[in-house]
Amino acid sequence: MARKKANEQDFPAYLFHQGTNYKAQELLGAHRVDADTVEFTTWAPHAQSILIVGEFNQWGQGEQFPMKKLNDEGLWQGRVTGLQEYDTYKFLITGPDGAEHFKSDPYAFHTETRPGTASKLYTLEGYQWGDGKWLEHRDAAPVNASPMNIYEVHLGSWRTYPDGTPYDYNKLAEELVPYVRDMGYTHVELLPVTEYPYDGSWGYQVTGYFAPTSRYGAPKDFMHLIDAFHQAGIGVIMDWVPAHFPKDENGLCEFDGGYCYEYSDARKMEHRGWGTRVFDYGRCEVQSFLISSALFWIEQYHIDGIRVDAVASMLYLDYDRRDGQWAPNVYGGRENLEAVAFLRKLNSAILSDHPHVLMIAEESTAWPMVTKPDYVGGLGFNFKWNMGWMNDVLSYLSTDPYFRSYNHDKLTFSMMYAFSENYILPISHDEVVHGKCSLIGRMPGEYPQKFAGARAFLGYMMSCTGKKLLFMGSEFAQFIEWNYEQQLDWLLLDYDAHRQMQDYVRELNHFYKDHPAFWQIEDSWDGYQWIDANDSSRNLLSYIRKDEAGHEIVVLANFSPVAWEDCIIGIPDAVSYTVALSSDEARFGGSGNDLGVMKVNRKVPCHGFQQSITLTVPPMSTLYLVGKPRPKRTPKTETAAKKTSASKAGTAAKKTSAAKAEAPAKKAAGTKKTPAKKAPAKKTTSPKKP
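For the structure given in this document, a descriptive report is provided here. (Residues numbered from 1 in each chain as written. Predicted model: local features only at pLDDT ≥ 70, side-chain atom pairs only at ≥ 80, totals over all residues. Heavy atoms only, no water.)

1. Regarding the packing of aromatic side chains
Cut-off, in case you're wondering: Pairing of aromatic side chains requires ring centres within 6.5 Å, counting the rings of Phe and Tyr and the six-membered ring of Trp. Pairs whose planes differ by under 30 degrees are stacked, by over 60 edge-to-face, and all others tilted. A helix here means a DSSP run of H or I that spans at least four residues, while a strand means a run of E at least two residues long, and both kinds are numbered starting from the N terminus. Each residue gets one of three labels from its accessible area relative to the maximum for its type: buried under 20%, exposed over 50%, partly exposed in between, using a 1.4 Å probe on protein chains only. Comment: the charge-over-ring label is applied if NZ (Lys) or CZ (Arg) is within 6 Å of the ring centre and within 35 degrees of the ring normal.
Throughout the structure, instances matching the rule amount to 58 aromatic pairs. Ring geometry for Tyr-209 versus Phe-279: centroids 5.7 Å apart, planes at 80 degrees, classification edge-to-face. In this pair, Tyr-209 sits in strand S13 (residues 208-212) while Phe-279 sits in the loop between strand S16 (276-277) and helix H6 (284-300), placing the two residues 70 residues apart along the sequence. Each member of the pair, Tyr-209 together with Phe-279, is buried. When the ring of Tyr-316 is compared with that of Trp-367, the centres are 5.5 Å apart and the planes differ by 75 degrees; the resulting orientation is edge-to-face. Remark: Trp-367 occurs in the loop between strand S18 (358-361) and strand S19 (383-385) and Tyr-316 occurs in the loop between helix H7 (311-315) and helix H8 (337-353); sequence separation between them is 51 residues. Assessed through its relative accessible area of 9%, Tyr-316 is described here as buried. We note Arg-159 situated over the ring of Trp-490; from NZ or CZ to the ring centre the distance is 4.3 Å. Over the ring of Trp-564 we find Arg-538; its NZ or CZ atom is 5.8 Å from the centre of that ring.

This is how it looks when you write it as structure tokens:
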């Protein structure tokens, strides 16, 4: 992109220092002025001097390219000629104490692959997108009343080449995209792809907020991957980390020799448990930097959603801090008011221009109105991870079924607050690492019971209120915990139980997408109705999901290893019920008992309904039941009126028919010629005889 003249940059610079330049990457970073010249701009308010260094001048040992300070607020600028695409560079910054620091460009679009840390020149323009239809569809669909079933992926360990090298962006476009589509997911969520130095951070310690990691290819290769997802009808969400940043020498930590991007107050500066620095949310230039980064991925890379990591750590001044390690706000509270204002500003800036983009908070506390607009006191997100639901259900599933009856509330409690926010139900990467066990590994019992329990849970999860998220590997019951250094255990698909689990999840995902009752009404009781929430002795739940057209699906979830025979369930009126999908089907590894058609008994009311069905609920299973609607009966008075009307109509029709039949005869009779009457013969008077 051609560089603006200096006087044309004054207003963007003003906005940058006001915290309202949401395209700061167009002002700062490296931009080509013409075919031979690149202009570099950075923000370093504490710097004494800055040199542009790179391979082109032996990292400062050759020709010197000093930067000039543009204003008192700390913008610096300089130019270098003769540079080519992919040339590496850094800023050599002399801090206020005279110490020199080699720093990567915070606004670089591309970087070296680790262990290298230099920035690279890269031109983003020129990629030909083919996702126009997807974007039109996305922007026309209602965000809350659309299906959202997310496959969470760590790109480096989903699949690797035979030598253990992770797939690159192009190979992922060839294999990951069709896999996600075939499995029936609506979205993928990518663990952070913003450039990061340490593999073990999984991407959550970011050094390049405008650069997709070079581990898997160049920026345009990443564009190709997003484009491929969109052309396959799949949305893309990315993890984004504004809560903290690492203390790597080349990164943002004390960027100009002073406290620049981080807080200067030691009680707010650092997350000691993570060994990272905290952004200064009250500083205008930091606000411009972070909001520009988030908006950049949406506009430049067509990302459909931003999942904001570790929101709770931003909101609370005492997060992971002991007494004496934090200071109250001006009102004496523990809330970080600057972070609250920043999050509202972030969501307002993005959703005002892109209302159909997803802004998702990973927020693990009871902070109120996370998904409510800022003008009513909310944070302005449109979705929030339901961490309470996740913790409760995983605790329940890890409990031996014999004791589950005493923990039944862990399945039902979430409905007490289910409509207070717009929720996503996550079974994420955090739940399958660090000794927590994989999803299948949490299930009690022998192998068959473990698989049955996992299927029952996933069927239950898919029918709960809230959008869905499942981490890769769980769809085919990977037993070992996730390891970022190796690919998933795809070899497990050689075994029937794992292949059948994958088949079940695929079927479940497609069923979810095809039935609006599971996703259309998620903000009120209009879409959910309990049948029986209190059957704790049998570890049994029953409820109804509904869509806007009135279609209903009855859900039965049995988390007991016992089959419940002659189980009577109250249901809405219908002629009969059949099982639309069962986790106990033989093709999924279950017993395969076919419940057949269940007739509705209108003489046995149950659970507040005037009718019921009787069935055998298989052990450790979730069933979806669909009713055959009962023909509407016509009221007797209306029927009599119809009969009378029909009778009259019939009589009239008969008369009309008879009249019509008689008319031709009359007509024929009227037109027949009548012989003319003969004139009477004249009397002949005979002469009288003498």
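2. Focus: the pattern of salt bridges
Operational definition: A side-chain nitrogen of Lys or Arg and a carboxyl oxygen of Asp or Glu constitute a salt bridge if their distance falls within 4 Å.
Under the counting rule described, the total for this entry stands at 33 salt bridges. Here Glu-270 and Lys-247 are joined by a salt bridge, their closest N and O atoms 2.9 Å apart. One end of the pair, Glu-270, is in strand S15 (residues 270-271); the other, Lys-247, is in the loop between strand S14 (235-240) and S15, and 23 residues separate them in sequence. Judged by relative accessible area, which is 17%, Glu-270 ranks as buried. The class of Lys-247 is partly exposed, set by a relative accessible area of 39%.

3. Some remarks on the sheet that holds S19
Quick reminder of the rule: Strand pairing is assigned whenever DSSP identifies at least 2 bridges connecting the two strands. A fitted line through C-alpha atoms represents every axis, and for helices the fit uses only the stretch in contact; the resulting angles, taken between N-to-C directions, go from 0 to 180 degrees. Contacts: residue pairs with any heavy atoms within 4.5 Å of one another.
Strands sit in the order S10-S11-S14-S17-S18-S19-S20-S21 around a closed barrel of eight strands; the barrel is parallel. Direction aside, the axes of adjacent strands within the sheet are offset by 25 degrees on average. The sheet contact formed by strand S20 (residues 423-427) and strand S21 (residues 467-471) spans four bridges and is parallel. Within the sheet, the bridge partner assigned to Pro-426 lies in S21 and is Leu-469. Strands S19 and S20 of the sheet are contacted by helix H9 (residues 387-397), whose axis makes an angle of about 40 degrees with S20.

4. Comments concerning the environment of Lys-372
Within the secondary structure, Lys-372 is located in the loop between S18 and S19. Taking the relative accessible area as the measure of exposure, Lys-372 reaches 29% and is therefore partly exposed. Expressed as a C-alpha distance, the spacing of Lys-372 and Ser-420, which sit 48 residues apart in the sequence, is 9.3 Å. Among residues more than four places away in sequence, those in contact with Lys-372 are Gly-378, Leu-379, Gly-380, Phe-381, Ser-420 and Glu-421.

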